[in-house]
Amino acid sequence: ANIKNSFKNSEQLALIKTPTVKLEDGTYGLDTEGRFFTDDIPYGVLIARWVGQEFGVETPFIDEIIEWAGSLRGEAFLKDGKIDLEYCLKDIGKTGIPPAYGIRDVRQILD
């Protein structure tokens, strides 16, 4: 099996629908309250961004996704090219980045 086939034939992935909602005018728009925006960004993509930041790896495409999604929801996970820890940690459960769980050094997650 290869990764392309596993994605293509995954029954679980088939259950995940595109995050859209029907608008008042009958057209469809992005559902910014959907799982992609409420879970995948703060508990997935942002964690990858934190790891990259900790290792000094630039993540321009990840940054673009985070900033785009944040702009749609009024969230500002990044500031001055870095994760805004103050913003991300001000509410418990806002993100899943390791500092939300007291992990401040990437080496702590490597063991």
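Residues numbered from 1 in each chain as written. Predicted model: local features only at pLDDT ≥ 70, side-chain atom pairs only at ≥ 80, totals over all residues. Heavy atoms only, no water.

(A) Highlighting helix α4 (residues 60-73). With 14 residues, α4 extends 20 Å between its outermost C-alpha atoms, agreeing within 8% with the 20 Å of an ideal straight helix rising 1.5 Å per residue. All of the buried residues in α4 are Asp63, Ile66, Ala69 and Gly70. Viewed end-on, α4 has its buried residues packed into an arc of 140 degrees, placing them on one side of the element. Seen from the open side of α4, the exposed residues pointing more than 90 degrees away from its buried face are Pro60, Phe61, Glu64 and Ser71. The inward-facing, buried residues of α4 abut α3 (35-54) and β3 (78-79). (Helix = DSSP H or I, 4+ residues; strand = E, 2+ residues; numbered from the N terminus. Expected span 1.5 Å × (residues − 1). Buried < 20%, exposed > 50% of the residue type's maximum accessible area, 1.4 Å probe, protein only. Arc of directions from axis to C-beta. Contact = heavy atoms within 4.5 Å.)

(B) Inspection of the packing of aromatic side chains at higher detail. Across all of its chains, the model carries four aromatic pairs by this definition. With centroids separated by 6.4 Å and ring planes inclined at 50 degrees, the aromatic side chains of Phe36 and Trp68 adopt a geometry described as tilted. Within this pair, whereas Phe36 is found in helix α3, its partner Trp68 is found in helix α4, the two being separated by 32 residues in sequence. Assessed through its relative accessible area of 28%, Phe36 is described here as partly exposed. Taking relative accessible area as the criterion, Trp68 reaches 39% and is therefore assigned partly exposed. Summarising the aromatic geometry, the rings of Phe37 and Trp68 are spaced 5.6 Å apart at their centres and angled 45 degrees between planes, so their arrangement reads as tilted. A residue pair is termed long-range when its members are at least 10 positions apart, and Phe37 in helix α3 and Trp68 in helix α4 qualify at 31 residues. The buried category is assigned to Phe37, whose relative accessible area is 2%. Feature note: the residues Phe36, Phe37 and Trp68 constitute an aromatic cluster, connected by ring pairs. (Phe/Tyr/Trp six-rings, centres within 6.5 Å; stacked < 30°, edge-to-face > 60°.)

(C) Structural context of the nonpolar core. Core analysis: the biggest nonpolar cluster contains 14 residues, and Leu46, Ile66, Phe77, Ile83, Cys88 and Ile97 have the highest contact counts within it. Those elements that place two or more of their residues in this core are α3, α4 and α5 (85-89). Sorting elements by how many residues they give to this core places α3 first, with five residues. (Core = buried A, V, L, I, M, F, W, Y, C linked by side-chain atoms within 4.5 Å.)

(D) Expanded view of the pattern of salt bridges. According to the stated counting rule, one finds five salt bridges in the structure shown. Ionic pairing is found between Asp105 and Arg107, a salt bridge with its closest N-O pair at 2.5 Å. (Salt bridge = Lys/Arg side-chain N within 4 Å of Asp/Glu carboxyl O.)

(E) Focus on a nonpolar patch on the surface. A surface patch of nonpolar side chains, amounting to about 400 Å² of accessible area, comprises Ile3, Phe7, Leu13 and Ile16. Take Ile16: its relative accessible area is 43%, and that puts it in the partly exposed class. (Patch = residues over 30% accessible without salt bridge, like charges linked within 9 Å, V, L, I, M, F, W, Y side chains within 5 Å. Areas by Shrake-Rupley, 256 points an atom, 1.4 Å probe, with all protein chains shown as cover.)

Take it as geometry only, folks, not as evidence of what the structure does.
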